[in-house]
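Tertiary structure, described
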Amino acid sequence: MLDLNRLKALHAVHVYGSVGAAADALMVTPSAVSQQIAKLERETGARLMERNGRGVRLTDAAGLLAEHAERILALVETAEADFEALRGEVVGRLHMGAFPTAVRGLMPAALTGMRRRHPDLHVLLHEREPERVVREVARGELDLGVVQDWMNRPMALPDGLSKATLLDDIADVVVPADHPLAGRKEVELSSLSGEQWISSSPGTVCHDWLVFTLRSADLEPEISCMADEYPTQMALVAAGIGCAIIPRLGRDLLPEGVSVVPLRPRQTRRISAIWRTDAARRPAIRAAVEALSEASRTQENSWAVS
């Protein structure tokens, strides 16, 4: 009988393209992955990996077995979800991933709520960029993810994933306190022509969105500084280095020396929970989405009060 853990190791090498990458995904050592595949070779009596330069490649037999392994692993997940649903208990382990501002702004309240209501559920949280969260949920490395996409630049999800909207996060322009637009009730994006901008790093969702949005308003972005943390961006704004567009979930406490001005038209990103559709029956998934929704409502209420 084929061992499930060995099939999982082979499938990971097939998906990620190398033993090292598979080991990172499975959170084990490369040696452990190689040993599992060596045992699988002895079980099947077939050569599964061959030397290819400095690395290895899977044989045709391994590719065929990896395709079967993918279906087997999916069936195992469905069986586990059905069994948990039958028991109706929120138990076991739940691997979650979320982008940095969601980790800071939503996860503390959500995790506290889950721990209080479901003490037998053990959650492992990973901070990830949204694109990586989507990939890892689709591949089964994460059970549930929190992602973001902007209303004017939506992100497509692969087949087999479900999602629930948690909240709509409004972004405002943050300018130095002595800026001519400081204190306005709202400003048109087009009125920010000629400004120096502070942005996230190239290749991130927020950097690409900022460039796309400014160009959509016929503004060529002049980026003077790049920093991935919103508090750092606001510190640079306070120093008079430039302006930034920052979502409310990422703002925390405003430093002295900045002014927040709403934009017209409103710029909004949608924050959602995603999970594999086959795992939707797991009580743990439903409990996590419920806790995230509650944390999101609390956050939105705090914005309304402020």
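As shown above, the structure is provided for reference.
Residues numbered from 1 in each chain as written. Predicted model: local features only at pLDDT ≥ 70, side-chain atom pairs only at ≥ 80, totals over all residues. Heavy atoms only, no water.

1. Focus: the packing of aromatic side chains
Enumeration over the complete set of coordinates arrives at one aromatic pair. Here the aromatic rings of Trp150 and Trp209 are separated by 3.7 Å at their centres, their planes lie at 15 degrees, and the arrangement is stacked. One end of the pair, Trp150, is in strand E5 (residues 144-150); the other, Trp209, is in helix H8 (residues 205-216), and 59 residues separate them in sequence. Overall, the relative accessible area of 2% leaves Trp150 in the buried class. (Phe/Tyr/Trp six-rings, centres within 6.5 Å; stacked < 30°, edge-to-face > 60°. Helix = DSSP H or I, 4+ residues; strand = E, 2+ residues; numbered from the N terminus. Buried < 20%, exposed > 50% of the residue type's maximum accessible area, 1.4 Å probe, protein only.)

2. Details of the packing of helix H1 (residues 4-16) against helix H3 (residues 30-44)
To characterise two packed helices, one gives the angle between the axes of the helices and the distance between these axes. Relative to each other, H1 and H3 sit at 115 degrees, their axes nearing to 9 Å. Taken together, the axes of H1 and H3 are roughly perpendicular relative to one another. Where H1 crosses over H3, the handedness of that crossing is left-handed. Seen from H1, the contacting residues are Asn5, Arg6, Leu7, Ala9, Leu10 and Val13; seen from H3, they are Val33, Gln36, Ile37, Lys39, Leu40 and Glu43. Counted by class, the contact of H1 with H3 contains seven nonpolar, two polar and three charged residues. (Axes fitted to C-alpha atoms, helices over the stretch in contact; angles between N-to-C directions. Parallel < 35°, antiparallel > 145°, perpendicular 65-115°, else oblique. Left-handed = near helix turned anticlockwise from the far one by under 90°. Contact = heavy atoms within 4.5 Å. Nonpolar A, V, L, I, M, F, W, Y, C, P; charged D, E, K, R; others polar.)

3. With respect to the packing of H1 against helix H2 (residues 19-26)
It is the contact of H1 with H2, at a shortest axis distance of 8 Å, that shows an interaxial angle of 120 degrees. When the interaxial angle is binned, H1 and H2 end up oblique. With respect to the hand of their crossing, H1 and H2 are arranged in right-handed fashion. Contact with H1, carried on its side by Lys8, Ala9, Ala12, Val13 and Tyr16, involves Val19, Ala21, Ala22, Ala25 and Leu26 of H2 and no other residues of that element. Its residues placed into classes, the contact of H1 with H2 shows nine nonpolar, no polar and one charged.

4. A few points about the side chain of His95
If you trace the backbone, His95 turns up in strand E3 (residues 92-98). With residues near it in sequence (within four places) discarded, His95 still touches Met27, Leu124, His126, Glu141, Leu142, Asp143 and Leu144.

5. Topic: the environment of Cys225
Tracing the backbone through its elements, the reader meets Cys225 in strand E9 (residues 222-226). Counting along the chain gives 155 residues from Cys225 to Glu70, while the straight-line C-alpha distance between them is 44 Å. For Cys225, the residues in contact, after removing those within four places along its chain, are Trp197, Ile198, Ser199, Leu236 and Ile241.

6. Description of helix H6 (residues 107-117)
When we look at burial in H6, the residues that qualify are Met107, Ala110, Gly113 and Met114. For H6, the buried positions fall inside an angular range of 135 degrees around the axis, keeping them on one side. Looking at H6, the residues exposed on the side facing more than 90 degrees away from the buried face are Arg115 and Arg116. (Arc of directions from axis to C-beta.)

7. Concerning H2
Residues of H2 that are buried: Val19, Ala22, Ala23 and Ala25. Viewed end-on, H2 has its buried residues packed into an arc of 160 degrees, placing them on one side of the element. Contact partners of the buried residues in H2: H1, H3, strand E1 (49-52) and strand E2 (55-58). Looking at the residues trailing H2, positive phi occurs at Met27, about 60 degrees.

8. Side note on unusual backbone geometry
With omega at 0 degrees, the peptide bond leading from Arg264 into Pro265 counts as cis. Structurally, Pro265 can be placed in the loop between strand E12 (263-264) and strand E13 (267-276). For Asp218, which is not glycine, the phi torsion reads 60 degrees and is therefore positive. By the secondary structure assignment, Asp218 is in the loop between H8 and E9.

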